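Overview (structure and organization)
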Amino acid sequence: MRTFTQEVPNDGDLRDKSIPMSAPDITEDDIQAVVDVVRSGRLSLGPKTEEFEGLIAEYIEVKHAIAVSSGTSALHLIVKSLGIGPGDEVLVPSFTFISSVNAILYEGATPVFVDIEPDTYNLDPQDLEQKITGRTRAIVVVDVFGHPAEWDEILRIAKKHKLKVIDDSCEALGAEYKGIKVGQLGDAAAFAFYANKQMTTGEGGVIVTDNSEIARICRSMRNQGRGEMGAWLEHERLGYNYRITEMSAALGISQIGRIDELLAKRERVAQMYTDRLSTIGWAKPPAVRPGVRKTWFVYTIALDEGLSRDRLMEAMAKEGIPTRGYFSPVHLQSYICKHLGTHEGLLPVTESLARRIIALPFHGNLSEAEVERVVEALSKCRKNS
Ligand SMILES: Cc1ncc(COP(=O)(O)O)c(C=O)c1O
């Protein structure tokens, strides 16, 4: 089957067209599925959305799946459905994509940033517990880069302090913690399907939960606050247009149908990188803890302290190889500093790693020769930078 890999714009210029930073894995069947929907004339709120939701619920092994327009809208609806609002504090990592925090801010609640573990880059349970106050209502747990967080400890702390748990598993479809798929572990979870993710719907996301009440409210809020059986222009609550299109849902059905293959292809590329990078000495490949299944969102390396990431990235760009610094910590974004008074020095592990982590070009169809080229360029650039 022919596979198309279309380069995904990923913030910033892509100097090299031959090795993209990331790319979706699109087949003729994927394309046909979308075309069939367009021809059908049923473009929204139709059978494809329902079928996609059923397949996601079955895959994650949860009772409810509500497909929405993005991972960000999924997170927003979860926060809102839990009744989180002004005066509430929500614990969240700063080493994450901006949406994990914006979803809290949309509802007027206060994000409280927690530091991360140096090997998995996920929430540090010890720091988490220290940051709990009388106002803490919830934790946003991010399974960052597809590696599950330390769920046993986090759930123990949440239970002890009666906190709600929101799983931002936008980067972790298919990942498992001690044999349990992420998405089952919190009160509700969000997955995202932008074109650089493990599978894609173009734009799109999904809320998964076993809680019927959360599911009912989220379903209504994504569709302008309409009730299940109500008339088209009757609205029961404040809602949004966070619907997914039938075209996206059809692509999602096609992609989730070969999710095992998509994840295996990414795993193979990650393994090729890890094999070639294990001996370089000046940068660490990502850790994968025993007892977890990591599904690969990006492939990152952490440079040793003292090396200049910027110089290395510039040199790589000159070799025609795009790289990204991951992440730019949320607590140091200018609007967050202004709003919350956050500043450099608050989260030492996050700040150190954010200065040193580089994402390399990564998607499931990278060839051995391309991986080789990236690794050779890394060694050359390290010598010259
Ligand atoms: C951790 C995390 N949360 C949330 C999102 C938001 O997803 P979307 O871009 O679909 O809104 C992303 C997307 O990259 C993400 O990586």
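All values derive from a computational prediction rather than experimental measurement. Counting restarts for each chain: residues are numbered from 1 in the order of the written sequence. Residues qualify for local features only when their pLDDT is at least 70, as the model is predicted, and side-chain atom pairs are given and counted only at 80 or more; totals for whole chains, interfaces and linings, by contrast, use all residues. Derived side-chain values reflect all non-hydrogen atoms in the structure, with water molecules and hydrogen atoms excluded from consideration.

1. Some thoughts on the overall build of the protein chain
So the rule is basically this: Helical segments are the DSSP runs of H or I of at least four residues, strand segments are the runs of E of at least two, and each set is numbered from the N terminus. Only C-alpha atoms enter the radius of gyration; for comparison, a globular chain is expected to reach 2.2 Å times N to the power 0.38, where N is the number of residues. Exposure classes here rest on a 1.4 Å probe applied to the protein chains alone. A residue is buried below 20% of its type maximum, exposed above 50%, and partly exposed in between. In this description, contact between two residues means that some pair of their heavy atoms is separated by no more than 4.5 Å. Computed by Shrake-Rupley with a 1.4 Å probe, the accessible areas treat only the displayed protein chains as cover when residues are assessed. When charges are counted, Lys and Arg contribute as positive and Asp and Glu as negative, whereas His and the chain ends are disregarded. Charge coordinates come from a single atom per side chain, which is NZ of Lys, CZ of Arg, CG of Asp or CD of Glu.
Regarding its fold elements, the protein chain presents 13 helices and 16 strands. For 385 residues, the compact-globule estimate of 2.2 N^0.38 gives 21 Å, and the protein chain sits close to it at 21 Å. Expressed along its principal axes, the backbone C-alpha trace of the protein chain runs to roughly 65 × 55 × 40 Å. Burial statistics for the protein chain: of 385 residues in total, 57% are counted as buried. Within the protein chain, residue pairs in contact and separated by at least 24 positions form 69% of the contacts whose partners lie at least 6 positions apart. With an accessible surface of roughly 16,200 Å², the protein chain has 51% of that area assigned to carbon and sulfur atoms. Charge centroids of the protein chain, computed over 45 positive and 54 negative side chains, lie 2 Å from each other.

2. Remarks on unusual backbone geometry
Here the amide bond leading from Tyr-326 into Phe-327 is cis, since omega sits at -25°, within 30 degrees of zero. Residue position: Phe-327 is located in the loop between β15 (324-325) and α11 (334-340). Positive phi outside glycine occurs at Glu-61, with the angle close to 65°. Of note in this structure, Phe-145 is not a glycine but carries a positive phi near 55°. Of note, Phe-145 is situated in the loop between β6 (136-142) and α6 (151-160).

3. Looking at the sheet that holds strand β5 (residues 110-114)
Heads up, the condition is: Strand pairing is assigned whenever DSSP identifies at least 2 bridges connecting the two strands. Axis angles are defined between N-to-C directions and span 0 to 180 degrees, where every axis is a line fitted to C-alpha atoms and, for a helix, only to the segment in contact.
Here we have seven strands laid out as an open sheet, ordered β3-β11-β10-β7-β6-β4-β5, and mixed in their pairing. Both edges of this open sheet fall to β3 (64-68) and β5, since each of them pairs with a single strand only. Within this sheet the neighbouring strands show an average axis-to-axis angle of 20°, counted without direction. As defined by bridge partners, strand β7 (residues 164-168) adjoins strand β10 (residues 188-192) across three bridges and the pair is classed as parallel. When the sheet's bridge partners are listed, Ile-166 is paired in β10 with Ala-188.

4. Focus on the site of the ligand
Here is the rule: The rule for a residue being near a molecule or strand is that one of its heavy atoms must lie within 4 Å of it. Two N or O atoms count as a polar contact when they lie within 3.5 Å, although within protein this holds only if one can serve as hydrogen donor and the other as acceptor, and sequence-adjacent residues are included solely when both atoms are side-chain atoms. Under the grouping applied here, Gly and all other residues not named as nonpolar or charged are polar, the nonpolar ones being Ala, Val, Leu, Ile, Met, Phe, Trp, Tyr, Cys and Pro and the charged ones Asp, Glu, Lys and Arg.
Looking at the ligand, there are 15 residues lining it, with Gly-71, Thr-72, Asp-168, Glu-171 and Lys-197 nearest. Within the backbone of Gly-71, a nitrogen or oxygen atom sits 2.8 Å from an oxygen atom of the ligand. One of the side-chain nitrogen or oxygen atoms of Thr-72 is found 2.4 Å away from an oxygen atom of the ligand. When contributions to the shell around the ligand are tallied by element, the ones reaching two or more residues are α3 (71-81) and α4 (99-106). A per-element tally of the shell around the ligand places α3 first, with three residues. Considering only residue class, the shell around the ligand consists of five nonpolar, seven polar and three charged.

5. A closer look at helix α9 (residues 259-277)
Using the following cut-off: A helix's residues, less one, multiplied by 1.5 Å, set its expected span.
Compared with the 27 Å implied by 1.5 Å per residue over 19 residues, the 27 Å span of α9 between its first and last C-alpha is a close match. Those residues of α9 that fall on the buried side of the exposure criterion are Ile-259, Leu-262, Leu-263, Lys-265, Arg-266, Val-269, Ala-270, Met-272, Tyr-273 and Leu-277.

6. Observations concerning the sheet that holds strand β12 (residues 283-284)
Read across the sheet, four strands follow the order β12-β14-β16-β15 without closing on themselves; strand pairing throughout is antiparallel. At either margin of the open sheet sits one strand with a lone partner, and together these are β12 and β15. In terms of strand pairing, strand β14 (residues 299-303) meets strand β16 (residues 357-360) through four bridges, oriented antiparallel. By the bridge assignment, Ala-302 is partnered in β16 with Ile-357.

7. Focus: the nonpolar core
Note the cut-off: The criterion is simple. A nonpolar core is a set of buried Ala, Val, Leu, Ile, Met, Phe, Trp, Tyr and Cys residues joined through side-chain atoms within 4.5 Å.
Membership of the largest hydrophobic core comes to 50 residues, with the highest contact counts inside it found for Phe-95, Tyr-121 and Phe-145. Those residues in contact with Phe-145 that sit more than four places away from it in its chain are Phe-95, Tyr-121, Glu-171, Lys-294, Thr-295, Trp-296, Phe-297, Val-298, Thr-300, Tyr-326 and Phe-327. Core analysis: the second largest hydrophobic core is formed by 43 residues, Ala-65, Ala-158, Met-199 and Ala-249 among them.

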